[in-house]
Amino acid sequence: MPFDETAHHLAVIGFGPRGLGALEALAVEASENGIRIHVDIFDPFEWPGAGPNFDPEQSDLCLLNIPIRDLEIDPDRFLAGEFGSFLDWSTRQYEEDDFPSRSDLGAYLHARFSALHRAAKDMLTITHARTLITHLDLSAEGWRLKAGNTEFGPYDEILLTQGQPKTEPDPQLKRWDKHAEKHKLHLMHAYPANRLLDAASDWAGKTVAIRGLGLSTFDVIRLLTSGLGGTFSQGRYKPSGKEPQKILPFSLNGLPPSAKPATLQIDKKFDPTLEETLFFEGALKSTLASQPEDAVKMICDALVEPTARILSECGSRETDSDVTAWLETERKDAGAQEARDATEALKHDIEMAYGRAAPSVGYVIGQIWRKWQNELRRGINSERHQKDTAAAIVGFDEGLKRYSYGPPVSASEELLILIKQGLVSLCIVDDPAVLLEPGGWRLIEFDDALFASVMIDAVLPSPNLAHVSDPLISSCKMESWATPFAPDMGAHTLPDGQLVAKDGKTRPGLCLLGRLALGSVIAADSLHDCFGASSSRWAKGVAGRLSG
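Calculation rules
- Residues numbered from 1 in each chain as written.
- Predicted model: local features only at pLDDT ≥ 70, side-chain atom pairs only at ≥ 80, totals over all residues.
- Heavy atoms only, no water.
- Domains from an automatic or database assignment.
- Buried area = accessible area lost by both parts, 1.4 Å probe.
- Salt bridge = Lys/Arg side-chain N within 4 Å of Asp/Glu carboxyl O.
- Polar contact = N/O pair within 3.5 Å; in protein donor to acceptor, adjacent residues only side chain to side chain.
- Nonpolar A, V, L, I, M, F, W, Y, C, P; charged D, E, K, R; others polar.
- Helix = DSSP H or I, 4+ residues; strand = E, 2+ residues; numbered from the N terminus.
- Contact = heavy atoms within 4.5 Å.
- Core = buried A, V, L, I, M, F, W, Y, C linked by side-chain atoms within 4.5 Å.
- Buried < 20%, exposed > 50% of the residue type's maximum accessible area, 1.4 Å probe, protein only.
- Pairing = 2+ DSSP bridges.
- Axes fitted to C-alpha atoms, helices over the stretch in contact; angles between N-to-C directions.

1. Digging into the domain arrangement of the chain
Here is step 1 of the chain: You can read the domains of the chain as domain 1 (8-166 + 463-504 + 526-547), domain 2 (171-233 + 410-457) and domain 3 (264-405).
Here is step 2 of the chain: Summed over both sides, the interface of domain 1 with domain 2 buries roughly 700 Å², with 62% coming from carbon and sulfur.
Here is step 3 of the chain: On inspection of domain 1 and its partner domain 2, the count reaches one salt bridge.
Here is step 4 of the chain: Connecting domain 1 to domain 2 are six residue pairs in polar contact (both at pLDDT 80 or more).
Here is step 5 of the chain: Here the side of domain 1 that touches domain 2 is composed, by residue class, of three nonpolar, three polar and two charged.

2. Digging into the side chain of Ser404
Here is step 1 of the chain: Residue placement: Ser404 occurs in helix 14 (residues 387-404).
Here is step 2 of the chain: Apart from residues lying up to four places away in sequence, Ser404 is in contact with Lys260, Gly366, Trp369 and Arg370.

3. Some remarks on the nonpolar core
One recurring pattern in soluble globular proteins is that nonpolar side chains are buried together.
Here is step 1 of the chain: Counting residues in each nonpolar core, the largest one holds 81 residues, and the members touching the most others are Trp203, Leu327 and Phe396.
Here is step 2 of the chain: The element contributing the most residues to this core is helix 9 (residues 292-313), with ten residues.
Here is step 3 of the chain: Those residues in contact with Phe396 that sit more than four places away from it in its chain are Val296, Ile299, Cys300, Leu303, Leu327, Glu330 and Trp369.
Here is step 4 of the chain: With 49 residues, the next largest nonpolar core counts Ala115, Ala120, Ile126 and Leu159 among its residues.

4. A word on the sheet that holds strand 2 (residues 37-42)
Here is step 1 of the chain: Overall, mixed pairing links the six strands, which are arranged 3-2-1-7-18-17 in an open sheet. The open sheet has two edge strands with one neighbour each: strand 3 (124-129) and strand 17 (498-500). Strand-to-strand twist across the sheet, computed as the mean angle between neighbouring axes with direction ignored, equals 30°.
Here is step 2 of the chain: Examined bridge by bridge, strand 1 (residues 8-13) and strand 2 share six bridges and lie parallel to one another. The residue bridging His9 from the neighbouring strand is His38, located in strand 2.

Structural data, given as structure tokens:
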């Protein structure tokens, strides 16, 4: 790539929404500080700004888990007049309670990158190479990148925004990979969706098991039904004859995530008051110097009053004591409060989402927690907590995702319809034993046993730095530039994204943003975080280093 010798030089490796949000923030800082920066983007994916998760060419059946009413990613003032909001841009007619397809949003993000390219041309010279960077070196001139035998650089700054880099499969999946290869079986990942859909065209009459019961599983089930020509209408599913004979989802806890409130009117019932939010922010500040158990209890104490108030307003008989008891159990064993089977829990979740049943304690807490995500990120990501304390808060947040990161209620309704009609079975849903047989996988839960000839992995790998096998991240680990924040966590970074090396120091200009920094940051899976304060802190840090 040709270099502009009069500009500073930045390389961005991986360029989905996280990279786009970072460059938008950098354009603002460069404009305000009079800095010119040559930016080289390295990403093999052909749609910069979208990334694989928001591939504009993937099936429209893969939905965002955020309704239009909550999609707050409008462009910064820097793009004012150049590019508008998603709702203004899209040619589709969305209502406020609709959940857009990830492909439509991906097309928007790619177009937004093109708009940034034009608007920032006086500050940022941007190039994109569809190249997989595999190695990183630090020389006297700066950072140098390698892709095979090709070298790029030197660069003043490096930003890693790879999202979910390649990760070693967990022991169970590793055994299944060998089993599938030996017996020529179908073992597939949920994504890319189009690849799964192509393979599924040959699965008519087969039994398909799905490892995982999170948001990805709803996408998979939609692909295996509507994607193969089936239709949902008036509370029934009309099969096409191309779908599998049976679909068997299962997970460690056997429970589907709770659907989000169906409408804006219902969702408003779960709004915390300003006073309650300020109390929560104060609790977060108090956790800075607290031990892990004390810190999580402070956060739980801040949840009691708004939860009890909302329960009362919604006609529930649950009291402050019930809320306190629920939170105490959640701290010790997340999810242990749920005694119903999966189908009954799914039915009740749908009723709560429509406001036809009084919400449970957990459902209210989950919705409040979702509405406090920005406050949570501000309180945790911009400060440095003790490692054990940060890990405990992250664990609490991860546990509540079964309520706060739920699917659209329509997805839950479709799942219930398929259960009633026998296409989906939840009889082995709760952490079944899995026996490997030449023709597939036998799943056993108590007295129930079912055989599947196809297995789909719908579990997103955790952002555990130790398990990442991506060659570039591996080279950073080998040089001790990237080290775990804590055991089983992501990389140790400062609030502005600078990686903290094994010696406790940073290396000039080497930064990482996103879910691979889990522990150093919290709630980084959200699309909103890509265009939020984390990108701004990084951009300010870059501007400060390049101006100094």
